[in-house]
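Examining the three-dimensional arrangement
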Amino acid sequence: MFSPLMKIPVGDIPQSPKEISFSENIAGLSDIYSKYRSGDFRFPPRLDVKLVYYRSGRQLFFQGSLRGTFEGSCSRCLSEYTFELNKDFEFVLSPAVSKPDRKIEELSREDLGLSYYSTDEIDLMPLILEQVLLALPTRPLCDENCRGFCAGCGANLNQEACVCSAAGDDPRMAIFRSLKVGR
Ligand SMILES: [Zn+2]
Ligand SMILES: [Zn+2]
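Residues numbered from 1 in each chain as written. Chains lettered and ligands numbered in written order. Predicted model: local features only at pLDDT ≥ 70, side-chain atom pairs only at ≥ 80, totals over all residues. Heavy atoms only, no water.

Right, let's talk about the coordination of the zinc ion (ligand 1) for a bit. Angles at a metal have ideal values that depend on geometry: 109.5 degrees with four tetrahedral donors, 90 or 180 degrees with six octahedral donors. At this site the zinc ion (ligand 1) is bound by Cys-74 (SG), Cys-77 (SG), Cys-142 (SG) and Cys-146 (SG), with donor distances of 2.3 Å. If you list the donors of the zinc ion (ligand 1) from N- to C-terminus, the spacing comes out as C-x2-C-x64-C-x3-C. One end of the pair, Cys-74, is in the loop between strand 5 (59-73) and strand 6 (80-95); the other, Cys-146, is in the loop between helix 2 (124-135) and helix 3 (163-167), and 72 residues separate them in sequence. Taken as a pair, Cys-74 and Cys-146 share a single burial class, namely buried. (Donors = N, O, S within 2.8 Å, 3.2 Å for Na, K, Ca; no water. Helix = DSSP H or I, 4+ residues; strand = E, 2+ residues; numbered from the N terminus. Buried < 20%, exposed > 50% of the residue type's maximum accessible area, 1.4 Å probe, protein only.)

Printed below as a string of structure tokens:
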């Protein structure tokens, strides 16, 4: 499903920084993603990635940026919207010292972007996916100022006036009215 570009043999990682850029088909990631997040976001068919990588001793350094147009379902007004995700990232992979037989450990989250590799080939896909997940907002909003639905009348406040406040019987307002009356 993924191109071989996304796998870099450790032995091919040079000491002087090497720069690559590619546009990766990540259509399949939406399915993987929706299994452990509730499907708030949908991934674009392609992700543009720029990457610089090099080694220092056995430590592998990666710096890059990713860009793609994602889709979300607004958590306030439920509308579908698209947004551009741009993220610069960097991470360092250190060789895992123990359990050489253990499968890919790159996804183990550590502070400072420090993770481990235990294979002789670095699979970039899970590493880049992790960067995408770090870059995505915690919850989808079509707009910072999205007004969502009125809890009283259900009007989409981005598109129409609230009916219940016009009628003056929004139950949430009653307490303010009574406060005023009390003074
Ligand atoms: Zn919204
Ligand atoms: Zn209302």
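This model, assessed by the stated rule, comprises 8 aromatic pairs. Between Tyr-54 and Phe-61, the aromatic rings sit 5.2 Å apart at their centres with planes inclined by 5 degrees, giving stacked as the arrangement. In textbook terms, an aromatic cluster arises when at least three aromatic residues are bridged by ring pairs, as seen for Phe-41, Phe-43, Phe-70, Tyr-81 and Phe-83. (Phe/Tyr/Trp six-rings, centres within 6.5 Å; stacked < 30°, edge-to-face > 60°.)

To continue, consider the coordination of the zinc ion (ligand 2). Here the zinc ion (ligand 2) is held by Cys-150 (SG), Cys-153 (SG), Cys-162 (SG) and Cys-164 (SG), and the distances to it run 2.1 to 2.4 Å. Around the zinc ion (ligand 2), the 4 donor atoms are arranged such that angles at the metal cover 97 to 118 degrees; this shape is classified as tetrahedral. By relative accessible area, which is 14% here, Cys-162 ends up buried. (Tetrahedral: all angles 85-135°; square planar, octahedral: opposite > 155°, others 65-115°.)

Counting residues in each nonpolar core, the largest one holds 38 residues, and the members touching the most others are Phe-43, Phe-62, Ile-122, Leu-124 and Leu-136. When contributions to this core are tallied by element, the ones reaching two or more residues are strand 2 (18-25), helix 1 (29-36), strand 4 (46-56), strand 5, strand 6 and helix 2. Counting residues per element, this core draws most heavily on helix 2, at 7 residues. Cys-150, Ala-155, Leu-157 and Cys-162 belong to the second-largest nonpolar core, a separate cluster that totals 5 residues. (Core = buried A, V, L, I, M, F, W, Y, C linked by side-chain atoms within 4.5 Å.)

This part covers the confidence of the model for the protein. Confidence along the protein averages 80 in pLDDT terms, with 74% of residues attaining 70 or more. Note on residues 100-111: pLDDT is under 50 here. Beyond four places in sequence and across chains, it has 25 contacts. (pLDDT = per-residue confidence, 0-100. Contact = heavy atoms within 4.5 Å.)

Once that is clear, we can look at helix 2. The terminal C-alpha atoms of helix 2 lie 16 Å apart, and with 12 residues this matches the ideal 16 Å at 1.5 Å per residue to within 8%. Buried within helix 2 we find Leu-124, Met-125, Pro-126, Leu-127, Ile-128, Leu-129, Glu-130, Gln-131, Val-132 and Leu-133. For helix 2, the capping residue at the N-terminal end is Asp-123, with a side-chain oxygen 3.2 Å from the backbone nitrogen of Met-125. (Expected span 1.5 Å × (residues − 1). Polar contact = N/O pair within 3.5 Å; in protein donor to acceptor, adjacent residues only side chain to side chain.)

Quick look at unusual backbone geometry now. Positive phi outside glycine occurs at Leu-78, with the angle close to 70 degrees. Within the element layout of this structure, Leu-78 appears in the loop between strand 5 and strand 6.

Okay, the pairing of strand 4 next. Alternating residues of strand 4 divide into Leu-47, Val-49, Leu-51, Tyr-53 and Arg-55, all buried, and Arg-46, Asp-48, Lys-50, Val-52, Tyr-54 and Ser-56, none buried. Two elements, strand 2 and strand 4, share 8 bridges in a ladder whose sense is antiparallel. When the bridges of strand 4 are listed, Phe-22 appears paired with Val-49. As judged from the 9 bridges shared by strand 4 and strand 5, these two strands associate in the antiparallel manner. Directly across from Lys-50, in strand 5, lies its bridge partner Ser-65. Here strand 4 folds back onto strand 5 in antiparallel fashion, the turn holding 2 residues, of which Gly-57 has a positive phi close to 65 degrees. (Pairing = 2+ DSSP bridges.)

Here we take up the side chain of Gln-131. Looking at the element boundaries, Gln-131 is found in helix 2. When its relative accessible area of 7% is taken as the criterion, Gln-131 is described as buried. Leave out the neighbours within four places in its chain, and Gln-131 touches Leu-66, Lys-87, Phe-89 and Phe-91.

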